[in-house]
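As a plain string of letters, each chain reads:
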Amino acid sequence: MSDCIFCKIVAGVIPNTTVFEDDQVLAFRDIDPKAETHILVIPKQHIVNLASVQAHEWPLVQQVLQSIKRIAEQENLAGYRVITNNGEQGGQEVFHMHWHILAGKNLPGF
Ligand code: AMP
Ligand code: ZN
């Protein structure tokens, strides 16, 4: 298996707190939450980040974004922020594309 930590989560080798799953998408709670609600949404397929998405993979990105909307509804989030870090200089630490959903009181402003 690849060394990717999120691929290992998808494979069930590393445990996670799943909040949503379908055939192509998995969402789970961030192990080190930066907000009251902090959920990570990933494609089950290994894609490095948004910058590396290939033409045929855009439907998968769409499915990830649709999942974010569903999760926000499921979790009754009044408002939320979505972030995907791209590349080391963009703050990316895990190189399997993931979208952070952040919600709750006192989200820092930009
Ligand atoms: P990024 O800096 O955008 O690459 O974010 C990586 C995120 O993955 C961080 O917020 C980490 O807290 C989170 N993370 C790392 N390992 C795990 C894990 N095993 N389960 C859940 N979240 C994790
Ligand atoms: Zn991976």
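Described below are features of the structure shown in this document. This structure is a prediction, so every number in the text was calculated from the model and none was measured.

Some words on the overall build of the chain
No. 1: The number of helices and strands found in the chain is two helices and five strands.
No. 2: Ordered by position from the N terminus, the helices and strands of the chain form the series α-β-β-β-α-β-β.
No. 3: Taken against the 2.2 N^0.38 rule, which gives 13 Å for 110 residues, the C-alpha radius of gyration of the chain at 13 Å falls within 12% of a compact globule.
No. 4: Viewed in the frame of its principal axes, the chain has a C-alpha envelope of about 40 × 30 × 25 Å.
No. 5: Taken across its 110 residues, the chain has 39% of its residues classed as buried.
No. 6: Contacts in the chain between residues far apart in sequence, at least 24 positions, make up 53% of those at least 6 positions apart.
No. 7: When the accessible surface of the chain is totalled, it reaches about 6600 Å², and 52% of it is carbon and sulfur.
No. 8: Distance between charge centres in the chain, computed from 8 positive and 12 negative side chains, equals 6 Å.

Observations regarding the packing of aromatic side chains
No. 1: This structure, assessed with the given rule, holds one aromatic pair.
No. 2: Measuring from centroid to centroid gives 5.5 Å for F6 and F28, while their planes differ by 80°, and the two rings are edge-to-face. Linking F6 in helix α1 (residues 5–11) with F28 in strand β2 (residues 25–29), this pair joins segments that are 22 residues apart in sequence. You'll find F6 and F28 in the same group, each marked buried.

Observations regarding helix α2 (residues 58–74)
No. 1: Counted at 1.5 Å a residue, the expected span for α2 with its 17 residues is 24 Å, and the 24 Å between its end C-alpha atoms agrees.
No. 2: When we look at burial in α2, the residues that qualify are L60, V61, Q63, V64, S67, I68, I71 and A72.
No. 3: Against β1 (18–21), β2, β3 (37–43), β4 (81–83) and β5 (99–103) lie the buried residues of α2.

Observations regarding the coordination of the zinc ion (ligand 2)
No. 1: Surrounding the zinc ion (ligand 2) are the protein donor atoms C4 (SG), C7 (SG), H46 (ND1) and H96 (ND1), at 2.0 to 2.3 Å.
No. 2: The site at the zinc ion (ligand 2) holds four donor atoms, and with the angles between them running 105 to 118°, its shape is tetrahedral.
No. 3: C4 gets classed as buried once you look at its relative accessible area, which sits at 11%.

Reading guide: rules and limits
- Residues numbered from 1 in each chain as written.
- Chains lettered and ligands numbered in written order.
- Predicted model: local features only at pLDDT ≥ 70, side-chain atom pairs only at ≥ 80, totals over all residues.
- Heavy atoms only, no water.
- Helix = DSSP H or I, 4+ residues; strand = E, 2+ residues; numbered from the N terminus.
- Rg over C-alpha atoms; globule rule 2.2 N^0.38 Å.
- Buried < 20%, exposed > 50% of the residue type's maximum accessible area, 1.4 Å probe, protein only.
- Contact = heavy atoms within 4.5 Å.
- Areas by Shrake-Rupley, 256 points an atom, 1.4 Å probe, with all protein chains shown as cover.
- Lys, Arg positive; Asp, Glu negative; His and termini not counted.
- Charge placed at Lys NZ, Arg CZ, Asp CG, Glu CD.
- Phe/Tyr/Trp six-rings, centres within 6.5 Å; stacked < 30°, edge-to-face > 60°.
- Expected span 1.5 Å × (residues − 1).
- Donors = N, O, S within 2.8 Å, 3.2 Å for Na, K, Ca; no water.
- Tetrahedral: all angles 85-135°; square planar, octahedral: opposite > 155°, others 65-115°.

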